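# Structural characterization, general
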There are 2 protein chains.
Amino acid sequence: MSENKIPYKIYLDESEIPKQWYNVRADMKNKPAPLLNPGTLRPMTAKELAPVFCEELVAQELNDTDPYIDIPEEILNFYKMYRPSPLIRAYFLEKALDTPAKIYYKFEGNNTSGSHKLNSAIAQAYYAKKQGLKGVTTETGAGQWGTALSMACSYFDLDCKVFMVKVSYEQKPFRREVMRTYGASVTPSPSETTEIGKKILAEHPGTTGSLGCAISEAVEVAVGTEGYRYVLGSVLNQVLLHQSVIGLEAKAALDKYGVKPDIIIGCAGGGSNLGGLIAPFMGEKLRGEADYRIIAVEPASCPSFTRGKFAYDFCDTGMVCPLAKMYTLGSGFIPSANHAGGLRYHGMSSTLSQLYHDGLMEAVSVEQTSVFKAAEQFARVEGILPAPESSHAIRVAIDEALKCKETGEEKTIVFGLTGTGYFDMVAYEKFHDGLMTDQIPTDEELAKGFAGLPDVPEN
Amino acid sequence: MSENKIPYKIYLDESEIPKQWYNVRADMKNKPAPLLNPGTLRPMTAKELAPVFCEELVAQELNDTDPYIDIPEEILNFYKMYRPSPLIRAYFLEKALDTPAKIYYKFEGNNTSGSHKLNSAIAQAYYAKKQGLKGVTTETGAGQWGTALSMACSYFDLDCKVFMVKVSYEQKPFRREVMRTYGASVTPSPSETTEIGKKILAEHPGTTGSLGCAISEAVEVAVGTEGYRYVLGSVLNQVLLHQSVIGLEAKAALDKYGVKPDIIIGCAGGGSNLGGLIAPFMGEKLRGEADYRIIAVEPASCPSFTRGKFAYDFCDTGMVCPLAKMYTLGSGFIPSANHAGGLRYHGMSSTLSQLYHDGLMEAVSVEQTSVFKAAEQFARVEGILPAPESSHAIRVAIDEALKCKETGEEKTIVFGLTGTGYFDMVAYEKFHDGLMTDQIPTDEELAKGFAGLPDVPEN
């Protein structure tokens, strides 16, 4: 099919929604290191994980052999509400940049949760329902994950208890109200409703909370309440598995028009979007069928890939979760109040960490103000107001397209536009008013985080 | 094609975006009454309208003979960014209601302006650019129109001056920031930047403004600044013309699957969405080719169709605009602080008013709390968080579907889902907290508004 017939938006048919998720670990020679029990330092078993996570999700978490896993009919039905998401040819951006590069983005923001998070939320809610549970608990920072989970739980008539970092609860009342619209209970964390919350409040009166604390509260309630489990929106293998629907759709849309990308770009916090977007492309690369440049983009304020260590670490600040081997800044590292809340996580998915360690992908870090410049430029020509997280990928896509302008190369660039910024206008306001800064940690600050890494002997 | 093959979302191809707008006035036997010069009480001429509106838009405003008007290529290109919008079969809502009715909605919220307003904003910006203007002025209340116009002006590199009702400017800072992202200047109204603003501030210190005042300021600046014109997002014939793209797409999608609606429902403030949605269906009705029940839904707090008078009235509170013959509550009527800001207008499009007067459509008014109940029910099953304005149509669609449940009739209902509620969470919060009330004007309050109607002799 000729290039100039490519529409602005490539929509697949509902019948083309993938029927299976793709599990990239099956094609990895060097498998991601297993989660470890922090007490015994031995790999966590399904039995050990079962009190915290739903059974079927535990199985998915530990499965590194099956390349494809069927998407249950009930989840496919829900996907039809907002999927397939469009793959958009950025004609307007290309024109504005005057670049010979061809730019595409997979847009995951056209649903009420405002991001790709819904892809895994609905899966996790489904398995919880299937197991006969009453409800689930989780934490949320920026609020996209909490919103997505509220929608998913509402659909399956499950109770949903969200612990929202107190500073976000107070500064983002609208996110909270969206969750309430979907029937979730939203508790500012730390709270008086848990033991760990009470302890933290006693030790740090007036604290505005942290993601680590909210995780600890959510896990405590899940483990201590009959018929509840804990669910997480990123980092875990199961989440990357569900998010592979992004990459599978993107690849199907590109294949339809005979387009082969040269560069694939995604923002990376815990890795849910990046892992999902690149999955099938990485699969081809692992199997030696094709080659792609794959670029993870992270904030300079929280540079786990580019300045972190590849080591076992706690997934949460409260140190109640298993240890994961990953690129990390140390679970005690406190990133600055960067406005891309979804990328403010000290570690990175074990799967992506292993792929990066093995040289199968690159990583770059970008500064906040340059990210918002890219966001605004993009919004003005492409119409969509991007989330700060997604705008990290936009920044690097624009940079790569400008390199093509210099060299005259007609590269094909695909990036993930994970969500919309409607609930992030405080950040945009700071940017417009010239009050936004780039907060890059010093080597000394990073050293403090590394000092807290647990001592795990190499196998 | 068999009924059960209808997908959840019917997307047309980009090539199926209508190439012409449909001008329903051409098929009306009783034409809408002309705008009158408030001084002479004679029909406004193109020459009289030219200092305020762009030339080509004046021509469209006065054209009640041509049924189809070509959509310029530049506008079609922009439409491709976010159109065709999906026509969605509400399978999940039907199931939740356990109704034999078949429900469809045309969703116009999947763009950054969050509503259908962009359809006319881009057209008005295009004609302003074509005329060689430097910029445009407008007013905005809830902010959807201002956002849409900002996006459109950014695309054509036009200056955009928005006068935003002060209370909204302060209570909706996020809407303001979206407009700033697109490069618009946003001034809280009343302001010290205009004569009328200064006068109002002197007379009413501390006033939080009104739409009428913001219109007056915007018109003053447009008329008094070289290279500027004033643009409006509803009420006018030209706006309904541009919005016909909604109905044309909806009809094309339905025709594709051989579906003929029985009932078409839209919310109505000034009439931009309703007029656009029903246009081609009303055309068939006017030409005797088909019959449909067409229902306008308005808030009980601002019931221009159901309790207003069909008379000539001022379009603005400042009485600087021409007189229009319409269903009106009087330009001095001040609706209560209903949360559907986009429906809080004292009058109604002349075209729709004439059609209603001639018995070609029905109107119902609904109360605010019942609207939010419908909104929440819809959000939970269909995923999309609706704008308060759109939720008026949802309320009546649900009511009609429940009537079908009683009678067992398998009616086909189509309604317009004009936008999303991401910037309306204050209203949802009030609803969740049980603080929302239904403010229905008394007959005495309405009588006060009617007392201010101008004395225009019948021709």
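See the structure above.
Described in the following lines is the structure provided in the data block. (Residues numbered from 1 in each chain as written. Chains lettered and ligands numbered in written order. Predicted model: local features only at pLDDT ≥ 70, side-chain atom pairs only at ≥ 80, totals over all residues. Heavy atoms only, no water.)

## As for the sheet that holds strand S15 (residues 412-417) of chain B
Residues and elements named next belong to chain B. Taken in spatial order, the seven strands line up as S1-S4-S5-S15-S10-S11-S14 in an open sheet, and their pairing is mixed. The open sheet has two free edges, formed respectively by strand S1 (9-10) and strand S14 (362-366), since each of these has just one partner strand. Direction of pairing for strand S10 (residues 263-267) relative to S15: parallel, over a ladder of three bridges. When the bridges of S15 are listed, isoleucine 265 appears paired with phenylalanine 415. Against the sheet, helix H11 (residues 237-256) touches S1, strand S4 (87-89), strand S5 (102-107) and S15, its axis set at about 140° to S5. (Pairing = 2+ DSSP bridges. Helix = DSSP H or I, 4+ residues; strand = E, 2+ residues; numbered from the N terminus. Contact = heavy atoms within 4.5 Å. Axes fitted to C-alpha atoms, helices over the stretch in contact; angles between N-to-C directions.)

## Some remarks on the relation of the copies chain A and chain B
Note on the copies: chain A fits chain B at an RMSD of 0.0 Å, the axial shift is 0.0 Å, and the rotation between them is 180°. The transformation just described matches what one would write down for a two-fold rotation axis. Both copies share a contact surface, since 100% of the interface residues of chain A are interface residues in chain B too. (Least-squares fit on C-alpha atoms with pLDDT ≥ 70 in both.)

## Structural notes on helix H8 (residues 173-181) of chain A
Most of H8(A) sits out of view: seven of its nine residues are buried. Regarding H8(A), the residues found buried are A:Phe174, A:Arg175, A:Arg176, A:Glu177, A:Val178, A:Met179 and A:Thr181. (Buried < 20%, exposed > 50% of the residue type's maximum accessible area, 1.4 Å probe, protein only.)

## Quick word on the side chain of A:Lys106
All names here are of chain A. Among the structural elements, lysine 106 can be located in strand S5 (residues 102-107). For lysine 106, a relative accessible area of 2% translates into the label buried. When residues no more than four places from it in sequence are discounted, the contact partners of lysine 106 are Arg83, Ser85, Pro86, Leu87, Ile246, Glu249, Ala250, Leu277, Phe415, Gly416 and Leu417.

## Some points on unusual backbone geometry
At the junction of B:Arg83 and B:Pro84, the peptide bond is cis and its omega measures out at -10° in the coordinates. Structurally, B:Pro84 can be placed in the loop between helix H3 (73-82) and S4. Of note, the bond from B:Ser189 into B:Pro190 is cis; its omega dihedral lies within 30 degrees of zero at 5°. Inspection of the secondary structure puts B:Pro190 in the loop between strand S8 (185-189) and helix H9 (195-203). Despite not being glycine, A:Asp98 shows a phi value in the positive range, around 55°. Relative to the elements of secondary structure, A:Asp98 occurs in the loop between helix H4 (91-97) and S5. Despite not being glycine, B:Leu41 has its phi angle at roughly 60°, a positive value.

## Structural notes on the packing of helix H2 (residues 55-62) of chain A against helix H11 (residues 237-256) of chain A
Residues and elements named next belong to chain A. Where H2 meets H11, the closest approach of the two axes is 7 Å, and the angle between their N-to-C directions is 90°. By the angle between their axes, H2 is roughly perpendicular relative to H11. Every residue of H11 that contacts H2 at Leu57, Gln60 and Glu61 is listed here: Asn237, Gln238, Leu241 and His242. (Parallel < 35°, antiparallel > 145°, perpendicular 65-115°, else oblique.)

## What about the pattern of salt bridges?
Residues and elements named next belong to chain A. Tallied over the entire structure, the rule returns 56 salt bridges over all chains. Across the pair glutamate 362 and arginine 293 runs a salt bridge, and its minimum N-O distance is 2.9 Å. With glutamate 362 in strand S14 (residues 362-366) and arginine 293 in strand S11 (residues 293-299), the pair connects residues that are 69 residues apart, well separated along the chain. Under the relative-accessibility criterion, glutamate 362 is labelled partly exposed at 31%. Judged by its relative accessible area of 29%, arginine 293 is partly exposed. (Salt bridge = Lys/Arg side-chain N within 4 Å of Asp/Glu carboxyl O.)

## Examining the interface of chain A and chain B
Listed as interface residues are 42 residues of chain A and, on the opposing side, 42 residues of chain B. Interface area lost by chain A to chain B is led by A:Met81, A:Thr181 and A:Tyr422, which between them contribute 18%. The shortest N-O distance in the salt bridge between B:Glu429 and A:Arg176 comes to 2.9 Å. Linking chain A to chain B there are 27 residue pairs in polar contact (both at pLDDT 80 or more). (Buried area = accessible area lost by both parts, 1.4 Å probe. Polar contact = N/O pair within 3.5 Å; in protein donor to acceptor, adjacent residues only side chain to side chain.)

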